[in-house]
Amino acid sequence: MTVKRRNHGRNKHGRGHVKRVRCASTGKAIPKDKAIKRFIVRNIVDASSLRDIREQSAYQEYAMPKLYIKMYYCVEAAVHQRIVRGRSREGRKVRAPPPRPTFNRN
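Throughout what follows, the structure given in this document is the object of discussion.

So, how was this worked out
Residues numbered from 1 in each chain as written. Predicted model: local features only at pLDDT ≥ 70, side-chain atom pairs only at ≥ 80, totals over all residues. Heavy atoms only, no water. Patch = residues over 30% accessible without salt bridge, like charges linked within 9 Å, V, L, I, M, F, W, Y side chains within 5 Å. Areas by Shrake-Rupley, 256 points an atom, 1.4 Å probe, with all protein chains shown as cover. Salt bridge = Lys/Arg side-chain N within 4 Å of Asp/Glu carboxyl O. Helix = DSSP H or I, 4+ residues; strand = E, 2+ residues; numbered from the N terminus. Buried < 20%, exposed > 50% of the residue type's maximum accessible area, 1.4 Å probe, protein only. Phe/Tyr/Trp six-rings, centres within 6.5 Å; stacked < 30°, edge-to-face > 60°. Contact = heavy atoms within 4.5 Å. Core = buried A, V, L, I, M, F, W, Y, C linked by side-chain atoms within 4.5 Å. Polar contact = N/O pair within 3.5 Å; in protein donor to acceptor, adjacent residues only side chain to side chain.

### Quick word on a nonpolar patch on the surface
Alright, step 1. Taken together, the side chains of Phe39, Val41 and Tyr68 present a nonpolar region at the surface, about 350 Å² in accessible area.
Alright, step 2. Tracing the chain through its elements places tyrosine 68 in strand S4 (residues 66–73).
Alright, step 3. A relative accessible area of 54% means that tyrosine 68 is categorised as exposed.

Set out below in structure tokens:
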């Protein structure tokens, strides 16, 4: 039988069962190894409020705490929200991670 993906869309090698997690978008229960995972790190407050807080703060170099969230998405929601995209037949065989964006800090 023809196979679309080498791992059948899962990361469950040798395990019989994997616990389920909830999709952040749809609430659907999906196996943890099949879910599309994204780790989000962002400031607790937005940029304009951050500037106001820095001006009013008594401390000079106070590092504002960040919000760390691990998001799980089902395949349908991740494709719909363009978190991941469908790839060509040859593109599916490429296992290297995509190049990360680099920002110039000058």
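### What about the packing of aromatic side chains?
Alright, step 1. A full pass over the atoms with the stated rule returns 2 aromatic pairs.
Alright, step 2. Seen in terms of ring centroids, tyrosine 59 and tyrosine 62 are 6.3 Å apart; in terms of plane orientation they differ by 35 degrees. Their pairing is tilted.

### Details of the environment of arginine 38
Alright, step 1. Relative to the elements of secondary structure, arginine 38 occurs in strand S3 (residues 36–43).
Alright, step 2. Counting along the chain gives 12 residues from arginine 38 to leucine 50, while the straight-line C-alpha distance between them is 25 Å.
Alright, step 3. Residues within four places of arginine 38 in sequence aside, it is in contact with Ile69, Lys70, Met71, Tyr73, Ile83 and Val84.

### Description of unusual backbone geometry
Alright, step 1. Backbone geometry at histidine 8 places phi at a positive 60 degrees, although glycine is not the residue there.
Alright, step 2. For histidine 8, the position within the fold is in the segment before strand S1 (20–22).
Alright, step 3. With a relative accessible area of 57%, histidine 8 lands in the exposed category.
Alright, step 4. Although it is not a glycine, arginine 82 sits at a positive phi angle of roughly 60 degrees.

### Structural notes on the pattern of salt bridges
In a structure, side chains of opposite charge can pair up when their charged atoms sit close to one another.
Alright, step 1. Applying the stated rule across the entire model yields 2 salt bridges.
Alright, step 2. Arginine 10 is paired through a salt bridge with aspartate 33; the nearest N and O atoms lie 3.1 Å apart. Linking arginine 10 in the segment before S1 with aspartate 33 in the loop between strand S2 (29–31) and S3, this pair joins segments that are 23 residues apart in sequence.
Alright, step 3. According to the relative accessible area criterion, aspartate 33 is buried, its value standing at 12%.

### What about the nonpolar core?
As a rule of thumb, nonpolar side chains are buried together in soluble globular proteins.
Alright, step 1. Counting 7 residues, the largest nonpolar core consists of Val21, Cys23, Ile30, Ala35, Tyr72, Cys74 and Ala77.
Alright, step 2. What tyrosine 72 contacts, discounting residues up to four positions off in sequence, is Val21, Arg22, Cys23, Ala24, Lys32, Ala35, Ile36 and Lys37.

### Examining the environment of serine 49
Alright, step 1. With respect to the helices and strands, serine 49 occurs in helix H1 (residues 47–56).
Alright, step 2. A polar contact of 3.0 Å, which involves the side chain of serine 49, links it to the side chain of aspartate 46.

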